[in-house]
Amino acid sequence: MDVFLNTKPVALKKSVSFGSIEIREYPVVLGDNHSVKFPLALDWDHQNSLSVDCEEYEESRACLRRTSIEMFTPPCDRLGILLKHNSRDQVTRSAKALEQVAKQAKKELDSASSTTSSQIQSKKNQTSGKRDKVKPSKLARLFRGASTKR
């Protein structure tokens, strides 16, 4: 017979552990989010890196956690950050190019929106025209006749 029928499953203790964390620093560049003024982004290549023990890292940053409101960066601060890492000319050229992209996107959105509106209006006109051409049914004529006789 089967020897495994009467054996109890052994509970395996599962655990996860972390050794170290690698912290990388990336240059800040002008981003491509045209919905904000002076958007920030991180460059692809990192400059510096530092390896820290996971427990040490968590202990050192416990009091440094920020709320979402604290992470908001006003446009004037974003401009200051960009100017620390880029020349004024670079920031100005990039901001103008981004502004052109934003204008083009708005233009395309407005065009698509007006096209959709005109298509909806056109369909309404087509369907209302069809309704006008349809001959009233006998039942409709009877109701009209009944309402005029009162």
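The present account deals with the structure reproduced in this document. Because the structure is a prediction, the values reported are computed rather than measured.

Looking only at helices and strands, the protein chain has five helices and four strands in total. Its helices and strands taken in sequence order, the protein chain reads β-β-β-β-α-α-α-α-α from the N to the C terminus. Pairs at least 24 apart in sequence give 61% of the contacts found in the protein chain among residues at least 6 apart. A total of about 13800 Å² of accessible surface is found on the protein chain, and carbon and sulfur atoms cover 56% of it.

Turning our attention to the nonpolar core. Counting five residues, the largest nonpolar core consists of Val 28, Leu 30, Phe 38, Leu 82 and Val 91. Once you skip the residues sitting within four places of it in the chain, Leu 30 turns out to touch Phe 38, Pro 39, Leu 82, Val 91, Ser 94 and Ala 95.

Before going further, it helps to examine a negative patch on the surface. Together, Asp 53, Glu 55, Glu 56 and Glu 59 make up a negatively charged patch on the protein surface. Top element by residues in the negative patch is helix H1 (residues 54–61). It accounts for three residues. Among the secondary structure elements, Glu 56 is positioned in helix H1. You can call Glu 56 exposed: its relative accessible area is 51%.

A few words now on unusual backbone geometry. Backbone geometry places Phe 38, a non-glycine residue, at a positive phi of 55°. Residue classification places Phe 38 among the buried residues on the basis of a relative accessible area of 18%.

We now examine the environment of Glu 22. Tracing the chain through its elements places Glu 22 in strand S1 (residues 20–25). Taking the C-alpha atoms as reference points, Glu 22 and Leu 50, separated by 28 residues in sequence, lie 5.6 Å from one another. Excluding its chain neighbours within four sequence positions, the residues that come into contact with Glu 22 are Ser 49, Leu 50 and Ser 51. For Glu 22, the side chain forms a polar contact with the side chain of Arg 24, separated by 3.5 Å.

Our next topic: the side chain of Arg 78. As for its placement among the helices and strands, Arg 78 is situated in helix H3 (residues 75–85). For the buried Arg 78, which has no salt bridge, the nearest side chain bearing the opposite charge is Asp 77, at an N-O separation of 8.3 Å. Here the side chain of Arg 78 touches Phe 38 through a polar contact of 3.0 Å, landing on its backbone oxygen. When near neighbours in sequence (up to four residues on either side) are disregarded, Arg 78 contacts Val 36, Lys 37, Phe 38, Pro 39, Leu 40 and Thr 73.

Rules used throughout
Residues numbered from 1 in each chain as written. Predicted model: local features only at pLDDT ≥ 70, side-chain atom pairs only at ≥ 80, totals over all residues. Heavy atoms only, no water. Helix = DSSP H or I, 4+ residues; strand = E, 2+ residues; numbered from the N terminus. Contact = heavy atoms within 4.5 Å. Areas by Shrake-Rupley, 256 points an atom, 1.4 Å probe, with all protein chains shown as cover. Core = buried A, V, L, I, M, F, W, Y, C linked by side-chain atoms within 4.5 Å. Buried < 20%, exposed > 50% of the residue type's maximum accessible area, 1.4 Å probe, protein only. Patch = residues over 30% accessible without salt bridge, like charges linked within 9 Å, V, L, I, M, F, W, Y side chains within 5 Å. Salt bridge = Lys/Arg side-chain N within 4 Å of Asp/Glu carboxyl O. Lys, Arg positive; Asp, Glu negative; His and termini not counted. Charge placed at Lys NZ, Arg CZ, Asp CG, Glu CD. Polar contact = N/O pair within 3.5 Å; in protein donor to acceptor, adjacent residues only side chain to side chain.

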